[in-house]
Structures are given as structure tokens and as C-alpha cells.
Amino acid sequence: MTTVGEHVVARLGEWGVRRFYGYPGDGIGGVMSALRKAVDAGDAEFVQVRHEETAAFAACADVKYGGSPIGCAVVTSGPGAIHALNGLYDAKLDHVPVVALLGHTARNAQGSGYYQEVDLLTLVKDVAGAYVAQVSEPSQVRHVIDRAARIALAHRTVTAVVLPSDVLVEDAVVEPPDAHGYAHTSAVPSTTATVPPAAALREAAALLDGCEKVAILAGAGCLGATPELTAVADRLDAGVAKALLGKAVLDDRLPWVTGAIGLLGTRASWDLMRECDGLLIVGSTMPYSDFYPAPGQARAVQIDIDGANCGLRYDTEVNLVGDAQETLAALLPLLRTDRDGSWREQVGEWTHAWREQSAARVATRTHELNPEYVVRELSDRLPDDAMLAVDCGTATSHFARDVDLRPGMLASLSGTLLSMGGALPYAIAAKVAHPDRPVFALVGDGAMQMNGVNELITVSRYWRTWADPTFVVLVLNNRDLSFVTWEMRAMVGDVPFAESQDLPDVPYADWAHLLGLGGRRISEPGEVAGLWAEALAADRPFVVDAVVDANVPLIPPHLTLEQVVNTAKSQLKGDPDAPLIIADGLREAVGAPVKGLWHRAKDAITGG
Ligand SMILES: Cc1ncc(C[n+]2csc(CCOP(=O)(O)OP(=O)(O)O)c2C)c(N)n1
Ligand SMILES: [Mg+2]
């Protein structure tokens, strides 16, 4: 006999799903016993995390780091499914195929107000809107699993299968009868049309050939298309700005790569977008419309695998629906070859200026340890095959601006949901997918306290099974929800709300030691180089507890007068950190034009 639970696992295996992140409970017991057998037989891998949110984050990250074709989170009914929601939304918003297996109340108890009984179909209707179904009869299991997998892949989204606990242990109908009302589904993935029509490609080429100053915005859709993107960028003489999820696409050290874009981006990306006359968006829906060229400034082409994403952020004239790699390859021979390189020279000057400004910020002596210095020193030491996992907070900004990714590296984060707590689940998934590669997690202390300290337990459980034990967690211990503090200062012009934003100082390295891991707390610039040498040479996962300054300003790439005024206002309202910010931050850390803006803003407020 094959139980329904066993068929769930076997059928997902046919779709290439062999790794399951989860947490047990009686609602999902039938899948867990199927997984026990599959793991024993070497057909599946189960990773036990500390929280169902982590299971869903990790399932998403497994796909992002090139592990499984479809991520799978397996969680129990009621509270288990509720916990998983945030990680599932992360996958949905970043367009990652994930199937959620949700245990459920037994059929006979459904509707009775039973323990842990939650209306799961309604609960996940939004996050798994593309497909959610309950297996109420053993004869449904094959088609429900097939549809959940096919739709997750085809729509690059989250689907959910609700599995009542009693159905899971019944005899599965593996081959439904040849009778009215039964489905006979396939487990072979659908192919997709990946190259746009020739006429549309010619139109795009003509448009781009008519532009002299082309900017490319590259996003997650370009991952895997590095050679093609490079060739098209070279042919167009273009500068390339990268959305956060597309950061690993191109080497950050290339002079025509302006780096990150958006509020956490570089001044060079801002200049590139604001000065170009042609825009090619590839695999990105970066939502900050004010960081694109001004409306009407540039003629634009967009390439996206999903036609619904085209023309979403900019008034594009040609929208090419296709796979980035194949579409760029098809576009290349249609483009003219006589560009003179002058635009790229200009882009190179902007990039150079940005890198000088960045180096000055890194070298700034701050009141406490400068986090940009800590991150830059790591960046310079990253092994070629490094994988990075980044949390939401100032770590995101440091990753965007201070980490130079090189070819072959992998990096990801909760890129659209921007959820705190993702870095450790992502790092674990990266390591499980590639146990022979070193992993680096960049995490704020708030995010560490949210999920990180717990998931270090998962690390302590599994690290001995990894071929390479290098798993380095950098905790930016600023004892503050610093990103929010800066948002409050710059956007709202308010002083910090200590009760809400101050964080307890936690001995993260000591916690690592208690778990049998390595770790060290540092607080002085002189310790940084030695620390990275120690962390990289460690024979086990290592937690770097870096006591860093919370008051290093997060300057948007194009500081507006309003933001400076708001920041200044907040200081006049009695921001307790104002003297430190002025002394340590703005004056030394930013370039002359911004400095002028700062003084103008202060004068405007003080009447000076
Ligand atoms: C789950 C979740 N809750 C709240 C937020 C809002 N938020 C964004 S960044 C941030 C502060 C992060 O603090 P920390 O992890 O200490 O990093 P820091 O910015 O201090 O380096 C907060 C609260 C969020 N993005 N996600
Ligand atoms: Mg913090």
C-alpha cells in the first residue's frame, strides 16, 4: 500500500522536489512518516528548522541559490501554517516557485471548532492565490500535487496543498480509474516560449540603436545571463545599474557597472539613470520610480519573462516577453557596432567618483566601530565561491554599497517583502544546497534577535554534515533598529523613540560558544583584519559580534533638501545622538555637494 502521504512525497520527487524544510505536528504526521521512509531510502532530505517561518524562507532560498527547482515547506495545521505565512509571502513577492504542504484537521472533526482548526483555505488564499486545494479524497492526491507543482513553476509563485491528517494515512489512488470525473495528470514540467517575436526584437534594436546614452537596469531575471548581458551592454556601450536581487549578475568592480540602485544605491546609478537617453530594463521590477530616468527623458525597452511586469515602472515603448538569456542573445546581433565609447567613459567617471566617496566613508573614524569598514574588510576577503545571505536593515545597505560581488558568487535576500529575519534561513538553505561552499550572513542585531539566535541552533545541529564548515554570521550589533531610526529622522523628521527602537545588547559570540560554534566580539578597528582571518580559518561556523556605531548616516544617493531639513529638524528637536551624528557622520562621510546642502538646510532652519 502507498499512503496518500507517501504519494505526496513520491510525486513531488518526480517534479525534482527532494528537499523538505519543515517542522512536525499531528496534522502533517502522514507526510512526516512518508518522509522518514524516503530519507532512509536516500530519496529525500529533511531539514528541521526552529520555526515554520524559517521553513518557508528556506524553501524559497533553496530555489534562489540554485538548489531545488521548486522549494517545499512542510508544516502542521493551524499554528504551523500561520507561522509559515511570512516566508511564503517572501517567495510570492520575489517570484519563487514554492509548494507549501499544510497539515490539517481530520475530515471528521472539520467544522467542529477542533483544536488547532483554522480555515486554511482562506488563510492562504492570498499568498497561494494561484493554486490552493485540499486533498479530501485519496483519488485527488496525484492531480492536486501535479497542479501545485506545475502552477508554482509556470507562474513562479507559491501554491499550497491542504492535507487533512486522516486522508494522509489512507491508501493513495496512484492511478485514478478510467472513469468520468477523474483526472490523469502529468508530472512533466511545461516548457515556456522564451524568445520574443523577431519583429519585436528588431523594433527594440532600432530603438536602442537610436539612443546615444543607454542605461541598463538589471534585476533577478538576469541571474544566469551574465555573458549575454555583458555582451549586450558592451555592444550598447551601456552603463548597468543593478537591482538588489540582481546584484550577483555582474562584477561590482567593472567600471561600467554603477552598482546598486534605489535608496540604498549608489550616486553613480543615480547619475546613470538621470543622464541617459535610452533605458533597457532586464528582469527587474525595481519599484522606486523616482530612481528611473525622469518621465519622457529616455526611450525604453523592457525584457521580462512575465508580460505583466512590462511597462510597470516606466513608460516603455517596446516590451519583450522572454527569458533574459535567450532574449539578450537574440537581440545582440541586431544591434549596431559603431559606438565610440564616450558614454561609457562618462559612466566610468561616475563609478570612479562613487568608489572614492565610498572609500572615504569606509575610512571615516566613527565614534564606535564603523560598520562600513567592517563590511568592506569582509568584502575584500570573500572567497571566490562565497554565498551571501543578507537581512533587512542597515545590513542591506552595506551589502548594496560596500560588498563587491565577483563572478561566481551567489547572494540573496528577502528582496521585495523586505522582511527582517531572512538572513539565517537563507544562509542555511544556501549551505544545505551547496555544502562545499562558504556562506556569509549579514545580519542586524534586531534581525538576529528575531530569528537568528534561534536558527544558530539549526546551524549547530547540521554543521558537521557540511563538506566545508565555513558559515560566518556577521551581527551588526548597534543596539538599535538603526534602519528605522534613520527612516524616522530622514523621512519623518522625528527623534528616535528609544522604547521602540533601542535593543538589548546580547552576547552573540558567547551564545555561539554555548552552541559549540566559534565566535568573537569586536569593537575596535584594529581588531577587524585579524577577526576576518580567524573567522575564515575557523573549523566551524563562526559568529562575529561586531559592536558598531548606530549613527553612521545612511545617506540616500541623491539626498534631497527635504530629507536634510527633516534630519536637521530632528536634531533640533533634541535627538540625543545629534552631536555624534554631526561629528562622526555627515561632515566627514559625504561629498562636497551634499555638505553644501546640509549647511543650506541648517541655515534654513536656524535662520542663519
Ligand atoms: C518582519 C519585519 N518587521 C519590521 C520591519 C521594519 N524594519 C525594517 S529595518 C528594521 C530595523 C532592523 O534592525 P536591525 O536588525 O537591528 O538592523 P540595523 O538597521 O540596526 O542594522 C525594521 C524594524 C521589517 N522590515 N520586517
Ligand atoms: Mg540594529
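A brief report on the enclosed structure follows.

Quick notes on the rules
Residues numbered from 1 in each chain as written. Chains lettered and ligands numbered in written order. Predicted model: local features only at pLDDT ≥ 70, side-chain atom pairs only at ≥ 80, totals over all residues. Heavy atoms only, no water. Helix = DSSP H or I, 4+ residues; strand = E, 2+ residues; numbered from the N terminus. Buried < 20%, exposed > 50% of the residue type's maximum accessible area, 1.4 Å probe, protein only. Core = buried A, V, L, I, M, F, W, Y, C linked by side-chain atoms within 4.5 Å. Contact = heavy atoms within 4.5 Å. Donors = N, O, S within 2.8 Å, 3.2 Å for Na, K, Ca; no water. Phe/Tyr/Trp six-rings, centres within 6.5 Å; stacked < 30°, edge-to-face > 60°. Near = heavy atom within 4 Å. Polar contact = N/O pair within 3.5 Å; in protein donor to acceptor, adjacent residues only side chain to side chain. Areas by Shrake-Rupley, 256 points an atom, 1.4 Å probe, with all protein chains shown as cover. Nonpolar A, V, L, I, M, F, W, Y, C, P; charged D, E, K, R; others polar. Salt bridge = Lys/Arg side-chain N within 4 Å of Asp/Glu carboxyl O. Pairing = 2+ DSSP bridges. Axes fitted to C-alpha atoms, helices over the stretch in contact; angles between N-to-C directions. Parallel < 35°, antiparallel > 145°, perpendicular 65-115°, else oblique. Left-handed = near helix turned anticlockwise from the far one by under 90°.

1. Considerations on the environment of Thr194
Stage number 1. Examined against the element boundaries, Thr194 turns out to sit in the loop between helix H7 (165-168) and helix H8 (198-209).
Stage number 2. A relative accessible area of 16% places Thr194 in the buried class.
Stage number 3. Sequence separation of Thr194 and Leu320 is 126 residues, and the distance between their C-alpha atoms is 9.9 Å.

2. What about the nonpolar core?
Stage number 1. Residues Leu102, Leu424, Met448, Leu456, Phe471 and Val473 are the most contacted members of the largest nonpolar core, which totals 60 residues.
Stage number 2. With residues near it in sequence (within four places) discarded, Leu102 still touches Ile28, Val75, Ala81, Leu120, Val124, Ala160, Val161, Val162 and Leu163.
Stage number 3. Counting 36 residues, the second-largest nonpolar core is a separate cluster that includes Val375, Leu378, Leu405 and Ala546.

3. Looking at the coordination of the magnesium ion (ligand 2)
Stage number 1. In the first shell of the magnesium ion (ligand 2), the protein supplies Asp445 (OD), Asn478 (OD1) and Asp480 (O), at 2.0 to 2.1 Å from the metal.
Stage number 2. Counting along the primary sequence, the residues that act as donors to the magnesium ion (ligand 2) give the motif D-x32-N-x1-D.

4. Describing the packing of aromatic side chains
What characterises a pair of aromatic rings is the spacing of the ring centres plus the angle enclosed by the ring planes.
Stage number 1. Under the defined criterion, the tally for this structure stands at seven aromatic pairs.
Stage number 2. Ring centres of Phe57 and Tyr426 lie 6.3 Å apart, and the angle between their planes is 65 degrees; this geometry places the pair in the edge-to-face category. In this pair, Phe57 is assigned in helix H3 (residues 52-64) and Tyr426 in helix H15 (residues 423-433), connecting sequence segments 369 residues apart. No difference in accessibility class separates Phe57 from Tyr426, as the two residues are buried.
Stage number 3. With 5.5 Å between their ring centres and 75 degrees between their planes, Trp270 and Phe291 make a pair best called edge-to-face. Taken together, the residues span a long stretch of sequence, with Trp270 in helix H10 (residues 267-275) and Phe291 in the loop between strand E10 (278-282) and strand E11 (299-304) at a distance of 21 residues.
Stage number 4. The exposure class of Phe291 is buried, given its relative accessible area of 2%.
Stage number 5. Ring-pair connections join several aromatic residues into one group, and the members of that group are Phe57, Tyr65 and Tyr426.

5. Comments concerning the site of ligand 1
Stage number 1. Around ligand 1, 17 residues are found, and the nearest of them are Thr394, Asp445, Gly446, Asp480 and Ser482.
Stage number 2. With respect to ligand 1, the backbone of Gly446 contributes an N or O atom lying 2.8 Å from an oxygen atom.
Stage number 3. One of the side-chain N or O atoms of Asn478 is found 3.0 Å from an oxygen atom in ligand 1.
Stage number 4. The fraction of the free accessible surface of ligand 1 (580 Å²) that becomes covered by protein chains is 78%.
Stage number 5. Each residue belonging to the shell around ligand 1 can be placed in one class, and the counts come to eight nonpolar, seven polar and two charged.

6. Looking at the pattern of salt bridges
Stage number 1. Scanning the entire structure with this criterion turns up 27 salt bridges.
Stage number 2. We note a salt bridge from Arg107 to Asp166, for which the minimum N-O separation is 3.0 Å. With a gap of 59 residues between them, Arg107 in the loop between strand E4 (98-104) and helix H5 (120-123) and Asp166 in helix H7 connect regions that are remote in the sequence.
Stage number 3. When the shortest N-O distance is used, the salt bridge between Asp404 and Arg355 registers 2.6 Å. Here Arg355 lies in helix H12 (residues 342-363) and Asp404 lies in the loop between helix H14 (394-402) and strand E14 (410-413), a separation of 49 residues in the sequence.
Stage number 4. Since its relative accessible area comes to 9%, Asp404 is described here as buried.
Stage number 5. Looking at Arg355, the relative accessible area reads 31%, which means it is partly exposed.
Stage number 6. Connected through salt bridges with shared partners, the residues Arg11, Glu14 and Asp146 form a single ionic network.

7. Some points on the sheet that holds strand E18 (residues 542-547)
Stage number 1. In spatial order, the strands read E14-E13-E15-E16-E18-E17; together these six strands make up an open sheet with parallel pairing. Each edge of the open sheet carries a strand with a single partner, namely E14 and strand E17 (518-522). Adjacent strand axes in the sheet meet at a mean angle of 15 degrees when their direction is disregarded.
Stage number 2. As paired elements, strand E15 (residues 439-444) and strand E16 (residues 471-477) share six bridges and run parallel to each other. Pairing of Phe440 across the sheet is with Val472, part of E16.
Stage number 3. Sheet contacts for helix H13 (residues 371-381): E15, E16 and E18; angle to E16, the most-contacted strand, approximately 165 degrees.

8. Structural notes on the side chain of Asn370
Stage number 1. Within the secondary structure, Asn370 sits in the loop between H12 and H13.
Stage number 2. Apart from residues lying up to four places away in sequence, Asn370 is in contact with Arg361, Val362, Thr364 and Val552.

9. A word on the side chain of Gln134
Stage number 1. If you trace the backbone, Gln134 turns up in strand E5 (residues 132-134).
Stage number 2. With relative accessibility at 14%, the residue Gln134 sits in the buried group.
Stage number 3. Here the side chain of Gln134 touches Ser136 through a polar contact of 3.2 Å, side chain to side chain.
Stage number 4. For Gln134, the residues in contact, after removing those within four places along its chain, are His104, Gln110, Leu121, Gln140, Val162 and Pro164.

10. Quick look at the packing of H13 against helix H20 (residues 528-537)
Stage number 1. Where H13 contacts H20, the two axes come as close as 10 Å, and the packing angle between them is 45 degrees. Comparing the axis directions of H13 and H20 gives the class oblique. Crossing of H13 against H20: the hand is right-handed. Note on element contacts: H20 touches H13 through Val528, Ala529, Trp532 and Leu536, opposite Tyr373, Val374, Glu377, Leu378 and Arg381.

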